[in-house]
Amino acid sequence: MAGKNSGDNRTRTSVSIFIVAGLCCFFYLLGAWQRSGFGKGDSIAVAVTKTAGENCDILPNLNFETRHAGEAGGTDESEEVEELKPCDPQYTDYTPCQDQKRAMTFPRENMNYRERHCPPQEEKLHCLIPAPKGYVTPFPWPKSRDYVPYANAPYKSLTVEKAIQNWVQYEGNMFRFPGGGTQFPQGADKYIDQLASVVPIENGTVRTALDTGCGVASWGAYLWKRNVIAMSFAPRDSHEAQVQFALERGVPAVIGVLGTIKMPYPSKAFDMAHCSRCLIPWGAADGILMMEVDRVLRPGGYWVLSGPPINWKVNFKAWQRPKEDLEEEQRKIEEAAKLLCWEKISEKGETAIWQKRKDSASCRSAQENSAARVCKPSDPDSVWYNKMEMCITPNNGNGGDESLKPFPERLYAVPPRIANGLVSGVSVAKYQEDSKKWKKHISAYKKINKLLDTGRYRNIMDMNAGLGGFAAALHSPKFWVMNVMPTIAEKNTLGVIFERGLIGIYHDWCEAFSTYPRTYDLIHASGLFSLYKDKCEFEDILLEMDRILRPEGAVILRDNVDVLIKVKKIMGGMRWNFKLMDHEDGPLVPEKILVAVKQYWTLGDTNSTSSQ
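Labelled according to an unreviewed UniProt entry, the chain appears under the name Methyltransferase, originating from Solanum tuberosum. Per its UniProt entry, the chain bears the Sequence similarities (unreviewed entry) comment "Belongs to the methyltransferase superfamily."

Here is the structure:
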């Protein structure tokens, strides 16, 4: 027995040495992958080799997959890998589901043509979207809020169209964002101060906000320092590159529009919704768009409308609109707000603020001959490609918001949806276990990639967010996380994520995401490819990841080894460097971690290498 135990100990010691050596090798490679110099990576990567490469014996890469049976053992590493070529230069800013040419083939009524219209499988691009010549690494936050390199989004039209409103200015080879907007040309900070005199922005009560028709998202950019995170959206190129500018600045934003389909957010998600001259016809169609805002607004939440038709008596000449039209528009908005049981709590200048009552049911029953129609019992979070309804979503049935804590306490407090047993199969104990698990995973990630805490990554995406454990454990004022809830996920937990004070969105990864190319610095996905293995092609998902990932952005995938080996093979034909690694609990765990860095290359570059 003693001899056997001694042999086992030697085996475990050898495995441990190999694992440590493999990690050291990876740190060395990661530092080498990141180029130094402005625009081709950044010198922060040098710290990886300095801190992790010391006193390490560099060994050849470990062959993780040979330790497992099944498909992993049957993989033919010698099989030729298809190399994916760069796309044509015309696709540099390609957004597949909001492509302008395709959009113009759809009806213009109710903004239908600006909604999502994705290409069929046979029309999808089978190539890598190139970065424009001269593309550079964005400035770290908070400098990125105010300055964007011209080469990254070389479009000057907004500097002319919105010159007097201080949206954006062109200076040398930079765009400067003074923080202005159409309704706040003197700056978003002063505007937010005015709102904060009415809305409890400073004490954590208001944490999540929705900015409709966001422009370049200066409102959301300046809310950040007040610990409020805004989900901003605007149509594709209503004004050239507005959402692209927002993301280049490091501000959460997606391409989107209030048209005919429901917004891709759960009910009762936002503490505040905002429209600053967003040109949305709120009073039209008996207030159906306001009903959709009401669906996503938490009871007790606030709706801010700044601009026409508010204070029309004073401003109708400046707005160059007939005062009769503006008067009728405001009348319709007031009627819809009353129907929704929103109480106007402030109107000052061109800004009006309503608060959604918590007791809307009793309010509505007190209204004589109310025309309000309450939506039939159904899932108010089932929204993907579903049409808006001419009805009011009831408050009850998906959470007890009276128990929602202010931020940041709500980040780890038990969310009301879970406390009330409204998420099937997720008890309080399982939620707490999930939070503990993700703290452990994040600790491992920070050892793998020491840039996570440096501010190198600002825009982060979790492609399969679950309960939001990744974003919560990683939380920092240096970055934000777009938590994506796959529409085919077994459990719909996006409402839980919002109750934690995080933001997110529904999406089907068989389609392109509603964003411009090169808008995320770090992409994480746990179990995503296992989820989609029978739904769509892995290559399509990887190509979409490449499209939205910045040059020299990082990827962390966590999944079953058999699935990751298939993913790794496709990566071999992409301009990514990558490394397959063991689970933090050791080589016997079938779940593995695949880490990758997208190489820096731009239009005209021909080099393409990969690390296996």
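Once you've had a look at it, read on.
## Some points on the nonpolar core
Counting residues in each nonpolar core, the largest one holds 138 residues, and the members touching the most others are Y265 and W282. Looking at which domains feed residues into this core, each of domain 1 (143-397) and domain 2 (409-598) supplies at least three. Ranked by size, the runner-up nonpolar core spans 10 residues in total, among them V148, V168, F175 and V216.

## Points about the packing of aromatic side chains
Summed over all chains, the structure comprises 19 aromatic pairs. Ring centres of W141 and W224 lie 6.5 Å apart, and the angle between their planes is 75 degrees; on these two criteria the pair is classed as edge-to-face. You can see W141 sitting in the loop between α3 (100-103) and α4 (143-146) and its partner W224 sitting in the loop between α7 (218-223) and β5 (229-234), a full 83 residues away along the chain. Here a set of aromatic residues connected by ring pairs shows up, and it is made of Y150, Y170, F175, F177 and F245.

## Focus on the sheet that holds strand β1 (residues 147-149)
Spatially, β1-β3-β2 is the arrangement adopted by the three strands of the open sheet, whose pairing is antiparallel. Either end of the sheet is taken by a strand with one partner, and the two such strands are β1 and β2 (169-171). Shown here is a sheet whose adjacent strand axes are inclined to one another by a mean of 30 degrees, direction ignored. As judged from the three bridges shared by β1 and strand β3 (residues 174-176), these two strands associate in the antiparallel manner. Bridge pairing in β3 links P149 to M174.

## Considering the pattern of salt bridges
In this structure the tally under the stated criterion is 32 salt bridges. Among the salt bridges present, the one from E123 reaches R102, with a minimum N-O distance of 3.0 Å. Here E123, found in the loop between α3 and α4, pairs with R102, found in helix α3; they are 21 residues apart in sequence, far enough to count as distant. A salt bridge links D271 to R410; the shortest N-O distance between them is 3.3 Å. Within this pair, whereas D271 is found in strand β7 (residues 270-276), its partner R410 is found in the loop between α12 (360-366) and α13 (416-419), the two being separated by 139 residues in sequence. R410 carries the same exposure label as D271, and that label is buried. Look at the salt bridges and you will find they share partners, linking D189, D193, E202, K225 and R226 into a network.

## Quick notes on unusual backbone geometry
The omega torsion of the bond from W141 to P142 falls at 10 degrees, within 30 degrees of zero and hence cis. Counting through the fold element by element, P142 comes out in the loop between α3 and α4. Residue P408 is bonded to the preceding F407 through a cis peptide linkage, with omega at 15 degrees. Phi angles above zero are rare outside glycine, and R518 is one such case at about 60 degrees. Here R518 shows up in the loop between β13 (503-507) and β14 (520-526).

## Things to note about the confidence of the model for the chain
The predicted model of the chain has a mean per-residue pLDDT of 86, with 83% of residues at 70 or higher. Considering only residues more than four positions removed or in separate chains, one finds that residues 1-13, a stretch of pLDDT under 50, has zero contacts. In this model, residues 27-78 is a region of pLDDT below 50 whose contacts with residues beyond four sequence positions or in other chains number 102 contacts.

## So, the environment of A253
Within the secondary structure layout, A253 lies in strand β6 (residues 253-255). Take A253: its relative accessible area is 0%, and that puts it in the buried class. Sequence separation between A253 and T515 is 262 residues, and the spatial gap between their C-alpha atoms is 8.0 Å. Leaving out residues up to four positions away in the same chain, A253 has contacts with S232, V243, A246 and L247.

Cut-offs used in this document
- Residues numbered from 1 in each chain as written.
- Predicted model: local features only at pLDDT ≥ 70, side-chain atom pairs only at ≥ 80, totals over all residues.
- Heavy atoms only, no water.
- UniProt positions renumbered as here; feature names shortened; annotations may be inferred.
- Core = buried A, V, L, I, M, F, W, Y, C linked by side-chain atoms within 4.5 Å.
- Buried < 20%, exposed > 50% of the residue type's maximum accessible area, 1.4 Å probe, protein only.
- Domains from an automatic or database assignment.
- Phe/Tyr/Trp six-rings, centres within 6.5 Å; stacked < 30°, edge-to-face > 60°.
- Helix = DSSP H or I, 4+ residues; strand = E, 2+ residues; numbered from the N terminus.
- Pairing = 2+ DSSP bridges.
- Axes fitted to C-alpha atoms, helices over the stretch in contact; angles between N-to-C directions.
- Salt bridge = Lys/Arg side-chain N within 4 Å of Asp/Glu carboxyl O.
- pLDDT = per-residue confidence, 0-100.
- Contact = heavy atoms within 4.5 Å.

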